[in-house]
Amino acid sequence: MKDLNVRQTIDAELEDLRRSLLSLAGQAGQAVKNGLWALCNQDRILAREVIDGDDRLDRQTLEIDDKCLLFIARFQPMAQDLRTVSAISHMAVDLERIGDLGVNVAKFAVKLAGKPFVKPLVDLPRMGELFQEMLDGTMRAFINGDVDEAKGACALDDDIDDLERQVFREMLLMMMENPRIIEEGTALITVARTLERAADHVTNLAERVLYAITGEVASASSFRRPRGSRDDDGR
Amino acid sequence: MTPKIKIQTTAMDLWYDQFQALKAIDIAIPERAVTAFIGPSGCGKSSFLRCLNRMNDFIPAARVDGQVLLDGRNIYGAGEDVIALRRQVGMVFQRPNPFPASIWDNVAYGPRLHGITNRRTLEGIVEGSLRGAALWDEVKDKLRSPALSLSGGQQQRLCIARAIAVEPEVLLMDEPTSALDPMATARIEELVRILKEHFTVAIVTHNMQQAARISDETAFFLNGEIVETGPTQRLFTSPRDGRTEDYITGRFG
C-alpha cells in the first residue's frame, strides 16, 4: 500500500503558488525591461505590447490572491506555511504594481518615440539592469530560502537611488540651460523616478521574503548604507 | 506588565511504574489567561494536565517528582488537602459526563458536597454558574429536566457550570470540544474566552487552530517533554524549534 503523506498535498499546492508567483515576477520584470527598452530604442510596437499586457498581469495577480485565500481556508496553515502563503499574497500585489510602473515607462516610450534624445541614455538602462538584478535576486532568495541573497538585493537599492538623483540633477542643469527640452527632460526625470519606485517595491518583496524565511520582521533599510552616507539630495 | 504566575512546575517528572511519562517539566502558567497544551497522541499533555489537580493519584503506579506550585504552594507537599485542591483546580473532560440527575442537581452537587445546604444560596449558585457557562437562557425553564436530555454541547457547558459552581481558581480542560459539532465547539471556545476573565484556564487540544484561536500561551509537548512554550501568536507563526515547526505544519504527529 502506498504510504500516506499528509504533507504531499500541502507541498504541491505551495509549489503551485510559488510557480504562479515566479511567473508573475517574470512578467512584471519583463514589463519594466521592455518598457525601458522601447523607450531607449524608440520602439512604439513593443511599448504598446507592454501597455496591452497589463490586463493579463492584473488577472494573474487576482488569481494568486484567490489561490492564497483558498489555501488558507482549506489547510489553515501554520508557521512557515502560513508565512509563505502570506508572503506570496503580499508579493503578488507588489509585483502587480511593478507591472503598472512598467506600463508607465512604456507610455513615456510612446510619447517620446520619434523625437531625438536630449542626451544619450546611459543611466536609465543602468537603473533597469540594477532593478532586474534586484528582482531576480529576491525571487531566487524566495525560492532557495536564501537570507543573504535577499539582503544583498536590498543593498542594490542605494545604487538605484544614486542614479535617480544623478538623472534628476543632470536633467535639471540641461533644462536650465535649454528650456526647450523641458518636456523631454521632465519625462526622463519621471522615468528615473518610476524605476526608483519599482526598485522600492522590490525591497518590499525582499522584506516579505525575509519574513517568510526567518519569521523575523525585517526592514530593507537596515541592509542599506546608513542614511548619512547615502547620496542624499536636498529635494 | 508581567502577568502573575498561577501554576509553576519545576523539574516535574511523572512515572507510571517503570515508564517515565513526563520528563523535567518546567512551565509557568499565567493567571487569568488561557494556556494551551498541544502535541501528538501519547506525548504526555493530558497526563500533565491531570498532574495539576492530582488526578493521577487515582492511578496506583503513578508517581510525581519535582514541584508543582499553585500560588507558590507545592500541591504534592505533605499535608496537602487533595479534596480542597480539586475544588480550587476544577476539571472538564473530553466527553460531557453529567450525572444522571436533573440539570439543577448537577450544578448544585459540588456546593452541597462542600457543605452548602441553604436552598436560596444554592439557587443563586446554580443560576450564577449556568449563566457563567452561557447555558442559563437555554435551560432556565427546565432545571428539573434530566441533564442527559440536553444536547452534547449543552451537556459540556453544564459540566463547565458544574465545575465553576464550586468557585475554582483554575479550570483544566482536557479536549473539551473533541466530541462536539462545530457550532457547539464555537460556543465552548467563546465561553473559554469569557471564563479567562475570572479563571486561569489550561486546555489540552488536538486542534491546533483551536489553540491558536483561544489561547494566550501555548506549550508544545513531545515524548513527555516540553519542546517549546511561548505566546500563542509567536508559536504558531514563528516557532523557534524545528520540531514545533514540523508538528504544527503537519510533517509528523
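Since the structure is predicted, the reported quantities are computational estimates derived from the model, not experimental observations.

Caption draft 1: Looking closely at the overall build of chain A. Of regular secondary structure, chain A possesses 7 helices and 0 strands. In terms of its C-alpha atoms, chain A occupies a principal-axis envelope of roughly 80 × 45 × 25 Å. Sorting the 235 residues of chain A into buried and exposed places 48% on the buried side. For chain A, the proportion of contacts with a sequence separation of at least 24, taken over those separated by at least 6, is 84%. When the accessible surface of chain A is split by element, carbon and sulfur atoms take 52% of a total near 11600 Å². Here chain A holds 31 positive side-chain charges and 42 negative ones, and the gap between their average locations is 2 Å.

Caption draft 2: Just the overall build of chain B, in detail. In terms of helices and strands, chain B carries 10 helices and 10 strands. Rg of the C-alpha trace for chain B: 18 Å, near the compact-globule value of 18 Å for 253 residues, within the 12% margin. Dimensions of chain B, computed from the C-alpha atoms along their principal axes, are close to 55 × 45 × 40 Å. The 253 residues of chain B split such that 51% are buried. Taking the contacts inside chain B whose residues are at least 6 apart along the sequence as the reference set, 67% of them involve residues at least 24 apart. Carbon and sulfur atoms provide 51% of the accessible area of chain B, an area that totals close to 11400 Å². Separation of charge centres in chain B, based on 29 positive and 30 negative side chains, amounts to 4 Å.

Caption draft 3: Expanded view of the interface of chain B and chain A. Opposite the 12 residues of chain B that make contact, chain A presents 13 residues. Across the chain B/chain A interface, buried area totals approximately 960 Å², and carbon plus sulfur atoms make up 51% of it. Among the residues of chain B in contact with chain A, Gln209, Thr237 and Thr249 of chain B are the three that bury the most area, contributing 43% of the side total. On inspection of chain B and its partner chain A, the count reaches 0 salt bridges. One can count 6 residue pairs in polar contact (both at pLDDT 80 or more) joining chain B with chain A. Those elements giving two or more residues to the side of chain B that touches chain A turn out to be helix 8 (208-214), helix 9 (232-237) and helix 10 (242-248) of chain B. Among the elements that line the side of chain B that touches chain A, the one with the most residues is helix 8 of chain B, at 3 residues. Residue classes in the side of chain B that touches chain A are distributed as 5 nonpolar, 5 polar and 2 charged.

Caption draft 4: How the structure looks around the sheet that holds strand 2 (residues 19-30) of chain B. All names here are of chain B. In space, the 4 strands of this open sheet follow the order 2-1-4-5, with antiparallel pairing throughout. Of all strands in the sheet, those bounded by a partner on one side alone are strand 2 and strand 5 (73-74). For strand 1 (residues 5-16) and strand 2, the ladder comprises 8 bridges, and the chain directions are antiparallel. By the bridge assignment for strand 2, isoleucine 5 is matched with proline 30.

Caption draft 5: Molecular detail of the pattern of salt bridges. Residue and element names in this part refer to chain B. Taken as a whole, this structure holds 37 salt bridges over all chains when the rule is applied. In this structure, arginine 119 and glutamate 123 form a salt bridge, with 3.7 Å as the shortest nitrogen-oxygen distance. Of this pair, arginine 119 and glutamate 123 are both found in helix 4 (residues 119-132), 4 residues apart, which corresponds to roughly one turn of the helix. Taking the shortest distance from any N to any O, the salt bridge between arginine 243 and aspartate 241 comes out at 3.1 Å. In the salt-bridge network here, residues are joined through shared partners; they are Lys4, Lys6, Glu31, Asp71 and Glu169.

Caption draft 6: Geometry of the sheet that holds strand 10 (residues 225-231) of chain B. Residues and elements named next belong to chain B. Within the open sheet, the 6 strands sit side by side as 6-7-8-3-9-10. Their pairing is mixed. Each edge of the open sheet carries a strand with a single partner, namely strand 6 (89-92) and strand 10. In this sheet, neighbouring strand axes are inclined to one another by 20° on average, regardless of whether the strands run parallel or antiparallel. Sheet topology places strand 3 (residues 34-38) next to strand 9 (residues 217-222); 4 bridges connect them, and they run parallel. Paired with alanine 36 across the two strands is threonine 218, which belongs to strand 9. Its contacts with the sheet put helix 6 (residues 152-164) on strand 6 and strand 7 (170-174), and the angle it makes with strand 6 is roughly 170°.

Caption draft 7: Region of the structure containing the environment of leucine 235 of chain B. Residue and element names in this part refer to chain B. Note on placement: leucine 235 falls in helix 9. Since its relative accessible area comes to 0%, leucine 235 is described here as buried. Apart from residues lying up to four places away in sequence, leucine 235 is in contact with Ile38, Thr218, Glu228, Thr229, Gly230, Thr244 and Ile248.

Caption draft 8: Layout of the packing of helix 3 (residues 103-113) of chain B against helix 4 of chain B. All names here are of chain B. In the contact formed by helix 3 and helix 4, the axes pass within 9 Å of each other and the chain directions differ by 115°. Comparing their axes, helix 4 and helix 3 come out roughly perpendicular. At the point where helix 3 passes helix 4, the crossing takes the right-handed sense. Of helix 4, the residues touching helix 3 (which contributes Ile103, Trp104, Val107, Ala108, Pro111 and Arg112) are Arg119, Leu122, Glu123, Ile125, Val126, Ser129 and Leu130. Among the residues forming the contact of helix 3 with helix 4, the class breakdown is 9 nonpolar, 1 polar and 3 charged.

Caption draft 9: Representation of helix 2 (residues 44-52) of chain A in the model. All names here are of chain A. For helix 2, every residue scored as buried is listed here: Leu46, Ala47, Val50 and Ile51. Seen end-on, helix 2 carries its buried residues on one side only, within an arc spanning 145°. Facing away from the buried side of helix 2, by more than 90 degrees, are the exposed residues Ile45, Glu49 and Asp52. Measuring from the side-chain oxygen of the N-cap residue of helix 2 to the backbone nitrogen of isoleucine 45 gives 3.2 Å; that N-cap residue is aspartate 43.

Caption draft 10: Quick peek at the packing of helix 3 (residues 54-75) of chain A against helix 4 (residues 79-112) of chain A. All names here are of chain A. Orientation of helix 3 relative to helix 4, taken along the N-to-C sense of each, is 170°, at an axis distance of 9 Å. The angle between helix 3 and helix 4 places the two elements in the roughly antiparallel class. Contact residues: Asp54, Leu57, Asp58, Thr61, Ile64, Asp65, Cys68, Phe71 and Ile72 in helix 3; Val85, Ile88, Ser89, Ala92, Val93, Leu95, Glu96, Gly99, Asp100 and Val103 in helix 4. Among the residues forming the contact of helix 3 with helix 4, the class breakdown is 11 nonpolar, 3 polar and 5 charged.

Cut-offs used in this document
- Each chain carries its own residue numbering, running from 1 in the direction its sequence is written.
- Here chains are named by letter from A upward and ligands by number from 1 upward, in the order in which they appear as written.
- With pLDDT at 70 or above as the cut-off, local features in this predicted model cover only qualifying residues; side-chain atom pairs require 80 or more to be listed or tallied, and sums for whole chains, interfaces and linings still use all residues.
- Only hydrogens and water are set aside; all other atoms, that is, all heavy atoms of the structure, feed into the side-chain values.
- Helix and strand labels come from DSSP, where a helix needs a run of H or I of at least four residues and a strand needs a run of E of at least two; each type is numbered from the N terminus.
- Here the term buried applies to any residue with accessible area under 20% of the maximum for its type, exposed to any over 50%, and partly exposed to those in between, with areas from a 1.4 Å probe on protein chains only.
- Any two residues whose heavy atoms approach within 4.5 Å are treated as being in contact.
- For accessible areas, the Shrake-Rupley method is used with a probe of radius 1.4 Å. Any residue's cover is judged against the shown protein chains and nothing else.
- Charge counting treats Lys and Arg as positive and Asp and Glu as negative, with His and both chain ends excluded.
- Think of each charge as sitting on NZ of Lys, CZ of Arg, CG of Asp or CD of Glu.
- Radius of gyration here uses only the C-alpha atoms, and the compact-globule reference equals 2.2 Å multiplied by the residue count raised to the power 0.38.
- Note on definitions: buried area is the accessible-area loss of two parts on being combined, 1.4 Å probe, summed for both.
- Any carboxyl oxygen of Asp or Glu within 4 Å of a side-chain nitrogen of Lys or Arg constitutes a salt bridge here.
- For this analysis, a polar contact is any N or O atom pair within 3.5 Å, provided that within protein one partner can donate a hydrogen and the other can accept it, and provided that sequence-adjacent residues contribute only side-chain to side-chain pairs.
- For this scheme, ten residues count as nonpolar: Ala, Val, Leu, Ile, Met, Phe, Trp, Tyr, Cys and Pro. Four count as charged, namely Asp, Glu, Lys and Arg, and the remainder, Gly too, count as polar.
- We treat two strands as partners when DSSP finds at least two bridges between them.
- The axes used here are C-alpha line fits, helices contributing only the stretch in contact, and every angle between their N-to-C directions lies in the interval 0 to 180 degrees.
- Every angle not falling under 35 degrees, over 145, or within 65 to 115 is termed oblique; those three ranges are roughly parallel, roughly antiparallel and roughly perpendicular.
- If you view the pair so one helix is near and one far, a crossing is left-handed when the near helix is turned anticlockwise from the far one by less than a right angle, and right-handed when it is turned clockwise.
- What the arc describes is the spread of directions from the helix axis to the C-beta atoms.

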